[in-house]
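Chain by chain, the residues:
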Amino acid sequence: MVIFLCIIFLSENALHFYKEKLRLSLLFQTENMAFFDCKCLRLLISLPENKEFDHPSSTIYFQVENIKTAFEELIKNEVAVVSEPHLVAKMETTETWMAFFRDIEGNLHVLMSEIVV
């Protein structure tokens with residue numbers, strides 16, 4: 001499965017953000033796109049091919065085992081944080097925690113962790 005993230009300008013800064021700040025492995029890149037390994041799927045960041053695709057991207061939810069550790073890593077890597085980890089849902093046996101952050105293009109993304117209680 002591939003998640004498509006449209007960006008304004010495929011710059012070294014954009015590549016650096018996903019490689020160094022989010023620690024995703026770069027699979028390959030061309031002049032107009034880059035593919036990153038995101039565990040069981042691939043993240044494609046690309047320039048819009050035409051006006052139809054030139055719009056803000058979808059929010060990507062990154063499932064993490066330990067949201068506090070992952071959040072501290074974002075802070076350490078100077079990622080623009082929108083909110084600290086917080087409880088968003090409490091079910092019978094699990095709690096869902098989320099923390100929101102932005103990439104260098106201003107796209108909103110989320111760390112998410114489901115904790116057994």
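Residues numbered from 1 in each chain as written. Predicted model: local features only at pLDDT ≥ 70, side-chain atom pairs only at ≥ 80, totals over all residues. Heavy atoms only, no water.

Trainee: Would you explain the overall build of the chain in this entry?
Mentor: When helices and strands are tallied, the chain shows two helices and nine strands. Put simply, the chain runs from its N terminus to its C terminus through helices and strands in the order β-α-β-β-β-β-α-β-β-β-β. Across the chain, contacts joining residues at least 24 apart in sequence account for 48% of those joining residues at least 6 apart. Total accessible area on the chain stands at roughly 7500 Å², and carbon and sulfur atoms take up 54% of it. (Helix = DSSP H or I, 4+ residues; strand = E, 2+ residues; numbered from the N terminus. Contact = heavy atoms within 4.5 Å. Areas by Shrake-Rupley, 256 points an atom, 1.4 Å probe, with all protein chains shown as cover.)

Trainee: Would you explain the packing of aromatic side chains in this entry?
Mentor: What describes a pair of aromatic rings is the distance from one ring centre to the other and the angle between the planes of the rings. On inspection of all chains with the given rule, the structure shows four aromatic pairs. Taking 5.1 Å as the distance between ring centres and 80° as the angle between the ring planes, the aromatic pair formed by Phe17 and Tyr18 counts as edge-to-face. Residues Phe17 and Tyr18 agree in their burial class; the two are buried. Between the aromatic rings of Tyr18 and Phe36, the centroid separation amounts to 5.9 Å while the plane-to-plane angle is 40°, which identifies the pairing as tilted. (Phe/Tyr/Trp six-rings, centres within 6.5 Å; stacked < 30°, edge-to-face > 60°. Buried < 20%, exposed > 50% of the residue type's maximum accessible area, 1.4 Å probe, protein only.)

Trainee: Hey, could you run me through the confidence of the model for the chain in this one?
Mentor: As a general rule, the predicted coordinates of low-pLDDT regions are not to be interpreted in detail. For the chain, the average pLDDT comes to 85, and 85% of its residues sit at 70 or higher. The least confident element of the chain is strand β1 (residues 2–6), whose mean pLDDT is 54; the most confident is helix α2 (residues 67–76), at 97. (pLDDT = per-residue confidence, 0-100.)

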